[in-house]
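If you want the building blocks of each chain, they are given just below.
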Amino acid sequence: MLSKILIILFGIICIGLGLWGLIVWWSYFLKALMAGVPIFLVFLGIILLIFGYTELKTILSEKREKRG
């Protein structure tokens, strides 16, 4: 019981510190976001490309099995 209350209190403290940090370091947060978004998009594109390729490869192999 006490550990659950401590977890909730720690969560509230973390939220408060996080909000305080966002307010104080807002410009740094925006710079990090501007740097992170393009990298995220590149990785997302690579993942989607690989996923699409494997799905297409699976569909084509299923069609070949049905014909053959």
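Everything here concerns the structure above.
Overview of the structure. (Residues numbered from 1 in each chain as written. Predicted model: local features only at pLDDT ≥ 70, side-chain atom pairs only at ≥ 80, totals over all residues. Heavy atoms only, no water.)

1. Let's talk about the overall build of the protein
A tally of regular secondary structure across the protein gives two helices and zero strands. Its C-alpha atoms give the protein a radius of gyration of 23 Å, clearly above 11 Å, the size a compact globule of 68 residues would have. Projecting the C-alpha coordinates of the protein onto the three principal axes gives extents of approximately 65 × 40 × 10 Å. Counting only carbon and sulfur atoms, one obtains 79% of the accessible surface of the protein, whose full area is about 6600 Å². (Helix = DSSP H or I, 4+ residues; strand = E, 2+ residues; numbered from the N terminus. Rg over C-alpha atoms; globule rule 2.2 N^0.38 Å. Areas by Shrake-Rupley, 256 points an atom, 1.4 Å probe, with all protein chains shown as cover.)

2. Brief notes about a positive patch on the surface
Together, K63, R64, K66 and R67 make up a region of like positive charge exposed at the surface. With respect to the helices and strands, the residue K63 is situated in helix α2 (residues 26-67). (Patch = residues over 30% accessible without salt bridge, like charges linked within 9 Å, V, L, I, M, F, W, Y side chains within 5 Å. Salt bridge = Lys/Arg side-chain N within 4 Å of Asp/Glu carboxyl O. Lys, Arg positive; Asp, Glu negative; His and termini not counted. Charge placed at Lys NZ, Arg CZ, Asp CG, Glu CD.)

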